[in-house]
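Residues per chain, in single letters:
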Amino acid sequence: MAEHFDVLIIGAGLSGIGAAWRLQQERPGTTYAILEARSAIGGTWDLFRYPGVRSDSDMFTLSYPFRPWRGEKSMAPGDAIRTYIRETAEDGGIMPHIRFGTKVQTAAWADGHWTVTTSQGTFTCRFLYACAGYYDYAQGYQPDFPGIDDFGGTFVHPQFWPEDLDYAGKRVVVIGSGATAVTLVPAMATTAGHVTMLQRSPTYMTVLPERDAVADNLRRWLPARAAHKVVRAKNIVLSQGFYQLARRRPERVKALLRRFALHHLDDPAYLDEHFTPAYQPWDQRLCVVPSGDLFQAIKAGSASVVTAHIDRIVPEGVRLTDGRVLEADVIVSATGLSLLPIGGVQLTVDGKAVDPGRSVAYRGVMLSGVPNFAYCIGYTNASWTLRADLSHRYVCRLLAYMDKHHYTAATPQEKPGPRRPLLDLTSGYVQRALDRFPSQGDRDPWTVRQNYLLDALTTPRADVRRDMTFSRTPAPVLEEIR
């Protein structure tokens, strides 16, 4: 007989551990398990191991509101984030609930419950919560560069970084201009012979300090939890205010970003050529340069930027369309990520396949027409955890309402109206996957706002009954694991 739980959580990363913590605190006695495909905790922060991997969101907003961030750096390295997630799970008694090496393949809703098929057997549950993020862990985005097999050196993708890669003293070309490339270039430049960042077009960079001076001062005088709350609130207001300014006064924000960069680079012509995008700020996500490390590496001569198009890969490196050849011993294809909705799980409802790309997002948490199912997705303009925690709390409220009224199923029912994309960025990795993700509507509760301050006020009070169909179909008696 399949093991049965009240709630099954997919993924033991930042979101999954946060969901489990909220579930334990707000619904004691609820049975749950976390199904994790990998052999370790941490999700994205366990997967990515390339040099310098770090957060581009400050840790006071990326961390959990219920567990203070005690690290020295606000822009924390990947191993510190992974440790933070693991310690949260250990201290919260969550570890025994995690089933490692258990990849969810399909989930079928019928007869008032979900039957979840995994690589380690079958589980059943009342409610299924996907906290697997939206990255495809099996593959990153890799353009088909002509001549890639002719290259005489080492060609790597950051998502699958070789542990034994030795680039000390070597010539490195990093293809890309997003967050991964901006992280890799200064990290590799400390030991490589020279690192060249090759980009088709510029990206907006924002310089932020690695350490939060306000946090450092407050920690001297306040308990850790109180200091964390103050700094978290400060950073939320500043980041949300900056985003709103960028959307309403883009020219002013362009000038600010340029001023920050010039402070570290001190080369207006170089900045104009390689760091002045054609689009507006926040049409794509801004890349964070902690303490100006990328600009410092360029100024020191250990790194450089080339803005050009690739003709083909040649044995000695990368040939550009203008005829130049960037000689390289190592080529890093930091060309982006592939997005995958719901961790690639195949859903069916009463025997009918669910296509997420044809569904509509309900409060950014559930899918139209899919009962007792939620998924976790973060903000595009703020820390992932901010929205994730609101989603966890909403799921707990919905479950409490269902229990109070003895409902066995809750299904969002879409109202007809215009649709628009769920994710509002023009970045390539987003645009390539738009048709695979749910749409959003033009009115509440079918819109997905990119405004944490507004969501923080409204989501805890949201009417769980609105546009929701509840049923009391008797559920079968299943063996619960407690």
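Our subject is the structure listed above.
Caption draft 1: Representation of the overall build of the chain within the structure. Looking only at helices and strands, the chain features 13 helices and 27 strands. With the C-alpha coordinates of the chain rotated into their principal frame, the extents come out at 70 × 55 × 45 Å. With 482 residues in all, the chain has 54% of them scored as buried. Taking contacts inside the chain between residues at least 6 apart in sequence as the whole, the part at least 24 apart equals 72%. Carbon and sulfur atoms provide 51% of the accessible area of the chain, an area that totals close to 20700 Å².

Caption draft 2: Seen up close, the layout of surface pockets. Size it by volume and the second largest pocket reaches roughly 700 Å³. What lines the second largest pocket is a set of 27 residues, among which Asp58, Met75, Leu208, Asn235 and Ser239 lie closest to the centre. Of all the secondary structure elements, the ones that give two or more residues to the lining of the second largest pocket are β11 (205–208) and α7 (224–248). Ranked by the residues each element gives to the lining of the second largest pocket, the list is headed by α7, at five residues. The residue inventory of the lining of the second largest pocket, partitioned by class, reads 13 nonpolar, eight polar and six charged.

Caption draft 3: Region of interest: the sheet that holds strand β15 (residues 317–320). Taken together, three strands build an open sheet; the order of strands is β14-β15-β16 and the sheet is antiparallel. Since the sheet does not close on itself, it has two edges, and those belong to β14 (310–314) and β16 (325–327), each with one partner. If you compare each strand with its neighbour and ignore which way they point, the axes differ by 20° on average. Pairing of β15 with β16 involves three bridges; the strand directions are antiparallel. Bridge assignment links Gly317 to a residue of β16, and that residue is Glu327.

Caption draft 4: Quick peek at helix α10 (residues 293–300). Looking only at α10, the buried set comprises Leu294, Phe295, Ala297 and Ile298. Along α10, the residues classed as buried sweep out an arc of 160° about the axis, all on the same side. In this structure, α10 carries Lys299 and Ala300 as exposed residues pointing more than 90 degrees from its buried face. Looking at the buried residues of α10, the elements they touch are α5 (179–189), β11, α8 (250–265), α9 (268–274), β12 (287–290) and β13 (303–307).

Caption draft 5: Region of the structure containing the sheet that holds strand β17 (residues 330–333). As summarised here, the arrangement of the five strands in space is β8-β17-β9-β10-β13, forming an open sheet in which the pairing is parallel. A strand with exactly one partner marks an edge of an open sheet, and here the two such strands are β8 (154–156) and β13. Sheet twist, expressed as the mean angle between neighbouring strand axes with direction ignored, is 20°. Relative to strand β10 (residues 194–199), strand β9 (residues 171–175) runs parallel, the two being bridged by five bridges. Residue pairing across strands places Ile175 opposite Leu198, the latter belonging to β10.

Caption draft 6: Quick look at the packing of aromatic side chains. Taken as a whole and judged by the stated rule, the model has 20 aromatic pairs. Ring plane angle 45° and centroid distance 6.1 Å describe the contact between Phe48 and Tyr50, whose orientation is recorded as tilted. Take Phe48 and Tyr50: they sit in the same class, and that class is buried. What links up through ring pairs into an aromatic cluster is the set Phe48, Tyr50, Tyr134, Tyr135, Trp384 and Phe437. Of note, Arg387 hangs over the ring of Tyr379, and the distance from its end group to the ring centre comes to 5.4 Å.

Cut-offs used in this document
- Residues numbered from 1 in each chain as written.
- Predicted model: local features only at pLDDT ≥ 70, side-chain atom pairs only at ≥ 80, totals over all residues.
- Heavy atoms only, no water.
- Helix = DSSP H or I, 4+ residues; strand = E, 2+ residues; numbered from the N terminus.
- Buried < 20%, exposed > 50% of the residue type's maximum accessible area, 1.4 Å probe, protein only.
- Contact = heavy atoms within 4.5 Å.
- Areas by Shrake-Rupley, 256 points an atom, 1.4 Å probe, with all protein chains shown as cover.
- 1 Å grid on protein atoms, 1.4 Å probe; cavity = no way out; pocket = protein on both sides within 12 Å on 5 of 7 lines; lining within 4 Å.
- Points joined across faces, edges and corners; volume = space filled by probe spheres on them.
- Nonpolar A, V, L, I, M, F, W, Y, C, P; charged D, E, K, R; others polar.
- Pairing = 2+ DSSP bridges.
- Axes fitted to C-alpha atoms, helices over the stretch in contact; angles between N-to-C directions.
- Arc of directions from axis to C-beta.
- Phe/Tyr/Trp six-rings, centres within 6.5 Å; stacked < 30°, edge-to-face > 60°.
- Lys NZ or Arg CZ within 6 Å of the ring centre and 35° of its normal.

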